Amino acid sequence: MTDTVRDQAATLADLVDLEAYPLDQPEHPRRAEAVAQAQDGLRTVGCAVIKDLIRPEAVAALDREIVERKHTTHYSTQVINPYFHVDPNPEYPDDHAVNTFLERSSGFIPGDSWEASSATDVLFRAPEMASFIAECLEIPELHCYADPLAGLTANILDPGQQFTWHFDTNDFAVTVLVAEADEGGLFEYVPGIRSAEDEGFDAIKAVLDGGRAGVHTLELRPGDLQIFRGRYSLHRVSRVPSHSRARHAAIFAYTREPGVIGRVERTRQLFGRVLPEHLAAEEARVRSDELLD
Ligand SMILES: O=C(O)CCC(=O)C(=O)O
Ligand SMILES: [Fe+2]
């Protein structure tokens with residue numbers, strides 16, 4: 001099995017525990033049960049965890065792929081507000097959420113580091129994964145995020161690093177924890193702290209200042225799949241202490257519409273470069289809401 005994953009393109013059956021989660025059988029009751037549980041989590045707290053979806057041998061293969069590509073990680077230490085802005089905004093008071101900046105010191109392995117036959121890419125692009133996740137999110141269909149850098153990534157938190165409180169620009173994110181820290185590196189979130197109509201600045205500020213009201217800490221183990229609505233839920237990965245192992249998470253981005261590409265400025269911030277696709281998409285972009293980012 002390990003050799004299969006390493007030497008030739010893996011199949012869904014090599015990667016996913018199809019016995020427990022028959023993603024390849026749309027009518028199977030065990031799949032329906034997993035979908036129902038995930039829908040419940042997503043409706044109530046904007047988060048679902050599908051425990052042990054990835055087979056243990058496959059988790060090892062995914063981590064090997066991350067370790068092999070770790071030299072391509074774009075690390076950046078920045079002091080950001082929850083909207084990924086780095087500069088103060090004079091329209092708001094100094095003690096406002098918009099003008100509260102915290103350290104983000106993780107790195108991303110970009111999508112173009114994985115070739116099409118890699119286990120990570122096969123898992124990301126499996127149609128059974130996209131349709132399962134779409135059902136969990138109760139949306140008609142999903143497409144792999146077409147961004148060549150941000151579609152498939154790994155989030156790397158080396159010892160000493162943290163990914164501070166922020167919102168995602170995508171409505172939801174899909175994460176597979178691949179290697180956990182010995183300590184820290186915990187995913188924490190505040191469900192629905194803002195909405196498309198309400199910025200929720202006061203509640204956000206309280207969390208940035210260390211308040212714990214509404215904060216959930218997720219129990220996530222390697223091989224678990226997390227589906228998370230990060231557009232409206234403030235979230236972070238807590239600091240990995242300097243004496244711990246690194247934390248590695250594969251992040252799969254899917255979009256409702258095909259052909260979506262990320263913003264130029266954000267791409268440069270996260271990956272240190274942009275591709276021609278990003279510049280072209282910037283021209284054509286249509287905003288979907290009026291939120292700050
Ligand atoms: O590494 C994770 O679990 C998620 C990190 C995150 O929130 C992000 O990449 O936007
Ligand atoms: Fe995020």
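Summarised in this report is the structure supplied together with it. (Residues numbered from 1 in each chain as written. Chains lettered and ligands numbered in written order. Predicted model: local features only at pLDDT ≥ 70, side-chain atom pairs only at ≥ 80, totals over all residues. Heavy atoms only, no water.)

1. Some thoughts on the pattern of salt bridges
Right, on to step 1. Scanning all chains against the criterion turns up 19 salt bridges.
Right, on to step 2. Residue E138 pairs with R43 through a salt bridge whose shortest N-O separation is 2.9 Å. Taken together, the residues E138 in the loop between α6 (127–137) and β6 (143–144) and R43 in helix α3 (residues 29–45) connect sequence positions 95 residues apart.
Right, on to step 3. Residue classification places E138 among the partly exposed residues on the basis of a relative accessible area of 45%.
Right, on to step 4. Its relative accessible area of 56% is what places R43 among the exposed residues. (Salt bridge = Lys/Arg side-chain N within 4 Å of Asp/Glu carboxyl O. Helix = DSSP H or I, 4+ residues; strand = E, 2+ residues; numbered from the N terminus. Buried < 20%, exposed > 50% of the residue type's maximum accessible area, 1.4 Å probe, protein only.)

2. Focus on the state of the cysteines
Right, on to step 1. One pass over the full model with this rule turns up zero disulfides.
Right, on to step 2. Here C47 is not cross-linked by a disulfide; its sulfur's nearest cysteine counterpart is in C136, at 12 Å.
Right, on to step 3. C47 gets classed as buried once you look at its relative accessible area, which sits at 5%.
Right, on to step 4. Here C144 is not disulfide-linked; the sulfur of C136 is the nearest cysteine sulfur, at 16 Å.
Right, on to step 5. For C144, a relative accessible area of 22% translates into the label partly exposed. (Disulfide = S-S within 2.5 Å.)

3. Considering the site of ligand 1
Right, on to step 1. By nearness alone, every residue bordering ligand 1 is listed as F108, N155, F163, H166, D168, T175, F187, H235, V237, R247, A249 and I251.
Right, on to step 2. A distance of 2.8 Å separates an oxygen atom of ligand 1 from a polar atom in the side chain of N155.
Right, on to step 3. Look at ligand 1: alone it shows 290 Å² of surface, and the protein chains cover 91% of it.
Right, on to step 4. Taken together, the elements giving at least two residues each to the shell around ligand 1 come down to β8 (163–166), β13 (234–237) and β14 (247–252).
Right, on to step 5. In terms of residue count, the dominant contributor to the shell around ligand 1 is β14 (three residues). (Near = heavy atom within 4 Å. Polar contact = N/O pair within 3.5 Å; in protein donor to acceptor, adjacent residues only side chain to side chain. Areas by Shrake-Rupley, 256 points an atom, 1.4 Å probe, with all protein chains shown as cover.)

4. Quick look at unusual backbone geometry
What is expected of a backbone is that most residues other than glycine have negative phi and most peptide bonds are trans.
Right, on to step 1. Phi is positive for D52, close to 55°, though the residue is something other than glycine.
Right, on to step 2. Tracing the sequence through the fold places D52 in the loop between β1 (47–50) and α4 (56–68).
Right, on to step 3. With a relative accessible area of 47%, D52 lands in the partly exposed category.
Right, on to step 4. One non-glycine residue, F84, adopts positive backbone phi at about 70°.
Right, on to step 5. Of note, F84 is situated in the loop between β3 (78–80) and β4 (102–104).
Right, on to step 6. You can call F84 buried: its relative accessible area is 4%.

5. Concerning the side chain of Q78
Right, on to step 1. Among the structural elements, Q78 can be located in strand β3.
Right, on to step 2. If near-sequence neighbours (up to four positions away) are discounted, Q78 is found in contact with V86, L102, E103, R104 and Q269. (Contact = heavy atoms within 4.5 Å.)

Geometry only, nothing functional implied.
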